[in-house]
Amino acid sequence: MCGIVGYVGGQPALDVVVEGLARLEYRGYDSAGVALVAGGELAVEKRAGKLVNLRKALDEAPPPAASTGIGHTRWATHGAPNDTNAHPHADCSGTVAVIHNGIIENFAALRAELAENGHTLTSDTDTEAVAHLLEDEVKAGAGLADAMRRVCGRLEGAFTLVAVHTGEPDLVVGARRNSPLVVGRGDGENFLASDVAAFIAHTRDAIELGQDQVVELRADGVVVTDFSGAPADVTEYHVDWDVSAAEKGGFDYFMLKEIAEQPRAVADTLLGRIGADGRLTLDEMRISDAQLREIDKVVIVACGTAYHAGLIAKYAIEHWAGLPCEVELAHEFRYRDPILTRSTLVIAISQSGETMDTLMAVRHAREQRARVLGVCNVNGSTLPRECDGVLYTHAGPEIAVASTKAFLTQLVAVYLIALYLGQVRGTKFGDEVRDMIKVLSGMPDKLDQVLETMGPVRELARSLANEHCVLFLGRHVGFPVAMEGALKLKELAYMHAEGFAAGELKHGPIALIEQDLPVVVVVPPRARDVLHDKIVSNIQEIRARGARTIVIAEEGDTSVEPYADTLISVPAVPTLLQPLVATVPLQVFACELATAKGHDVDQPRNLAKSVTVE
Ligand code: M6R
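Remember, it's a predicted structure, so these values are computed and weren't measured experimentally.

Here we look at the pattern of salt bridges
Here is step 1 of the chain: Taken as a whole, this structure holds 34 salt bridges when the rule is applied.
Here is step 2 of the chain: Lys506 is the salt-bridge partner of Glu541, the closest N and O atoms lying 3.2 Å from each other. Here Glu541 is found in helix H18 (residues 529-544), whereas its partner Lys506 is found in the loop between strand S21 (496-501) and strand S22 (518-522), with 35 residues between them in sequence.
Here is step 3 of the chain: Classification of Lys506 as exposed rests on a relative accessible area of 54%.
Here is step 4 of the chain: Look at the salt bridges and you will find they share partners, linking Asp146, Arg149, Glu216 and Arg218 into a network.

Looking at the domain arrangement of the chain
Here is step 1 of the chain: Structurally, the chain comprises domain 1 (3-246), domain 2 (254-441) and domain 3 (452-596).
Here is step 2 of the chain: Once you take the C-alpha centre of each, domain 1 and domain 2 turn out to be 33 Å apart.
Here is step 3 of the chain: Listed by partner, the interface residues are 16 residues for domain 1 and 13 residues for domain 2.
Here is step 4 of the chain: At the boundary of domain 1 with domain 2, total buried surface from both sides reaches about 1300 Å², with 52% on carbon and sulfur atoms.
Here is step 5 of the chain: It is Tyr26, Asn178 and Glu208 that lose the most area in domain 1 upon contact with domain 2, and together they represent 34% of the buried surface on that side.
Here is step 6 of the chain: Here domain 1 and domain 2 share one salt bridge between them.
Here is step 7 of the chain: Residues of the side of domain 1 that touches domain 2, tallied by class, amount to ten nonpolar, four polar and two charged.

Brief notes about the packing of helix H17 (residues 478-493) against helix H19 (residues 578-596)
Here is step 1 of the chain: Following both chains from N to C, one finds H17 and H19 inclined at 20°, their axes separated by 9 Å at the closest point. In terms of orientation, H17 lies roughly parallel with respect to H19. The crossing of H17 and H19 is right-handed. On H19, the residues that touch Val481, Glu484, Gly485, Lys488, Leu489, Leu492 and Ala493 of H17 are Pro579, Ala582, Thr583, Leu586, Phe589, Ala590, Cys591, Leu593 and Ala594.
Here is step 2 of the chain: Here the residues of the contact of H17 with H19 are counted per class, giving twelve nonpolar, two polar and two charged.

Quick word on the packing of helix H13 (residues 405-425) against helix H14 (residues 430-441)
Here is step 1 of the chain: Two numbers describe how H13 lies on H14: the axes approach to 10 Å, and their chain directions differ by 170°. Put simply, H13 runs roughly antiparallel to H14. Each of Tyr415, Leu416, Leu419 and Gln423 in H13 lies in contact with H14, whose residues at this interface are Val433, Met436, Ile437 and Leu440.
Here is step 2 of the chain: Residue composition of the contact of H13 with H14, grouped by class: seven nonpolar, one polar and no charged.

Some points on the pairing of strand S3 (residues 41-48)
Here is step 1 of the chain: Relative to S3, strand S2 (residues 31-38) runs antiparallel, the two being bridged by eight bridges. Counted as the bridge partner of Val34 is Glu45 from S3.
Here is step 2 of the chain: In textbook terms, the turn of a hairpin is the stretch between consecutive antiparallel strands, and for S2 and S3 this stretch comprises two residues, one of which, Gly39, has a positive phi near 55°.

A look at the packing of aromatic side chains
Here is step 1 of the chain: One pass over the full model with this rule turns up four aromatic pairs.
Here is step 2 of the chain: Arranged with centres 6.3 Å apart and planes meeting at 15°, the rings of Phe159 and Phe227 form a pair that is stacked. Taken as a pair, Phe159 in strand S7 (residues 157-165) and Phe227 in the loop between strand S13 (221-226) and strand S14 (235-238) lie far apart in primary sequence, 68 residues in all.
Here is step 3 of the chain: Residue Phe227 is classed as buried on the basis of its relative accessible area, which comes to 16%.
Here is step 4 of the chain: An angle of 65° between the planes, with centres 6.0 Å apart, marks the rings of Trp320 and Tyr415 as edge-to-face.

Thoughts on the site of the ligand
Here is step 1 of the chain: Around the ligand sit 14 residues, and of these Ser350, Gln351, Ser352, Thr355 and Glu491 come closest.
Here is step 2 of the chain: Ser352 is positioned such that a nitrogen or oxygen atom in its side chain is 2.7 Å from an oxygen atom of the ligand.
Here is step 3 of the chain: In the model, an oxygen atom of the ligand is placed 2.8 Å from a nitrogen or oxygen of the Ser403 main chain.
Here is step 4 of the chain: Coverage of the ligand by the protein amounts to 90% of the 410 Å² it exposes when considered alone.

Quick look at unusual backbone geometry
Here is step 1 of the chain: Following His87, the chain continues into Pro88 via a peptide bond in cis, with omega recorded as 0°.
Here is step 2 of the chain: Among the secondary structure elements, Pro88 is positioned in the loop between strand S4 (68-74) and strand S5 (89-90).
Here is step 3 of the chain: If you check the backbone angles, Asn178 has positive phi at about 60° while not being a glycine.
Here is step 4 of the chain: Along the chain, the position of Asn178 falls in the loop between strand S8 (172-177) and strand S9 (182-185).

Notes on the sheet that holds strand S6 (residues 96-104)
Here is step 1 of the chain: Taking strand neighbours across the sheet as the criterion, the six strands line up as S5-S6-S7-S8-S12-S13 in an open arrangement whose pairing is antiparallel. The sheet is open, and its two edges are formed by S5 and S13, each paired on a single side.
Here is step 2 of the chain: Two strands pair when backbone bridges link them, and strand S12 (residues 213-218) and S13 are joined in this way by six bridges, in the antiparallel orientation. Paired with Arg218 across the strands is Gly221, a residue of S13.
Here is step 3 of the chain: Relative to S6, helix H4 (residues 127-139) is tilted by about 135°, and along the sheet it contacts S5, S6 and S7.

Procedures and definitions
- Residues numbered from 1 in each chain as written.
- Predicted model: local features only at pLDDT ≥ 70, side-chain atom pairs only at ≥ 80, totals over all residues.
- Heavy atoms only, no water.
- Salt bridge = Lys/Arg side-chain N within 4 Å of Asp/Glu carboxyl O.
- Helix = DSSP H or I, 4+ residues; strand = E, 2+ residues; numbered from the N terminus.
- Buried < 20%, exposed > 50% of the residue type's maximum accessible area, 1.4 Å probe, protein only.
- Domains from an automatic or database assignment.
- Contact = heavy atoms within 4.5 Å.
- Buried area = accessible area lost by both parts, 1.4 Å probe.
- Nonpolar A, V, L, I, M, F, W, Y, C, P; charged D, E, K, R; others polar.
- Axes fitted to C-alpha atoms, helices over the stretch in contact; angles between N-to-C directions.
- Parallel < 35°, antiparallel > 145°, perpendicular 65-115°, else oblique.
- Left-handed = near helix turned anticlockwise from the far one by under 90°.
- Pairing = 2+ DSSP bridges.
- Phe/Tyr/Trp six-rings, centres within 6.5 Å; stacked < 30°, edge-to-face > 60°.
- Near = heavy atom within 4 Å.
- Polar contact = N/O pair within 3.5 Å; in protein donor to acceptor, adjacent residues only side chain to side chain.
- Areas by Shrake-Rupley, 256 points an atom, 1.4 Å probe, with all protein chains shown as cover.

Given below as structure tokens:
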């Protein structure tokens, strides 16, 4: 939801900013723009569409050299995605430029007030109001940082703001409330960005900014205060991945690279989980075993793919830890009256750690005194700071909008949590936990095996590129896998796709079945014989009505062969772990089908990677 970059230092600011925008384009690609402070003048260039349009404009009319600059890549909220609404926005005098991520909720009142006071606003955005408010403060004699602090005090909503002013050409000022912003510390240069990926090629030393803080960035230093100007405490950290992790590495798309990285990501997330005493250890947990023993209910909140990981977690938590578990879409959670107590463990799952819906659910849960555990992939993001404890997934940066390796590592994380709860609550013996960790440790090899056999899945996907609808069916943990398969196809191929619980078919959805409709069915392992046999019957029922059946089943499951128009075999694994191997063919299927339709799978239409607004 918008990518932001700021730079001050000895390199050409334009190059650093545009390079940063290229790495943040996954956050929004409706328009892009830069503002440079050069020779006491502001140079602003912005274009609707992807970054390539801005690059072209900059090549045709190169702006003057500058060592201070800001840049923005937009996911539109207020105002159509055109050149005028693209960021940066300047004030009336053309001396202040500002970029923004988030939504300023009181923008209408602010715009009206500014217009009444003689300002000319040229865009339809909420952001432009900030440029003019800064203008008033600067004209009244404030420096840019003071101006920003005062203006932030007038804003309602969520925002990351970054501004420059021609009067202070060596300064970039940033501010954040409920929206991400990190500082990169260089040698004689400093960076601001929505995500470390923007500056990872220059430095891996970063500073986490807290809520309601303002940062002053100069080439030789960084000053952080709260909105009142008091010095603020910050956390410095070192990013544990390098620039190669944020590059395509020879793949055509990040999504393809990220699918291929899954065995490694799963292995990394499992690394070092068994302590010297042979027990499962979750170091970052920060919630004591005694507190976990008091838990009498688990509630999982998440959105999108992370929600599907939560649905699978429910089966593992109930089975291994013997705890009741509810799963809720984070954006629905606080609008009903969830029954939460000090004995409720809320697990919030989010790859980015910045999904506003999930953060709001976490805040609601903490207000009700529930203990909150985050499952997150991004160090330095907001979620871990707002939770009582955190379990990091170690997927590395996920740049494609469609979640793949983050999903598999979220599954590993929730399996670990379920086993850990079982261990501390005594519902699982130590050897049972160790045996399951051993099986989990074998998953990277199984995933390699899956990836090696994806040729026929690609071929199948290409053959279905002209279809309009694909249905997905599953039972037990296969049901969320079906939903995940459908979500991937919707977001990448823009096709109608639905995931159903196979048992629900006869209660309505079977009416959708018509001649040659592709239906993907996730078959549980044969060891779950009752489930297995029921789904085999479901396959026969839909086939009898003309469906073209695409069956995902464990290797050696010959019982499904007569009813499968296409059979995709995956390695045999315990039922609860089957989502790890069964999801990968669905990712490959959606990616290949969308590519065959000519879509950019890294940047699907209307979407952005991190949904930082509600
Ligand atoms: O960063 P998060 O895990 O909180 O993101 C949640 C969803 O927005 C995300 O999983 C989304 O559904 C994916 N693009 C789906 O592939």
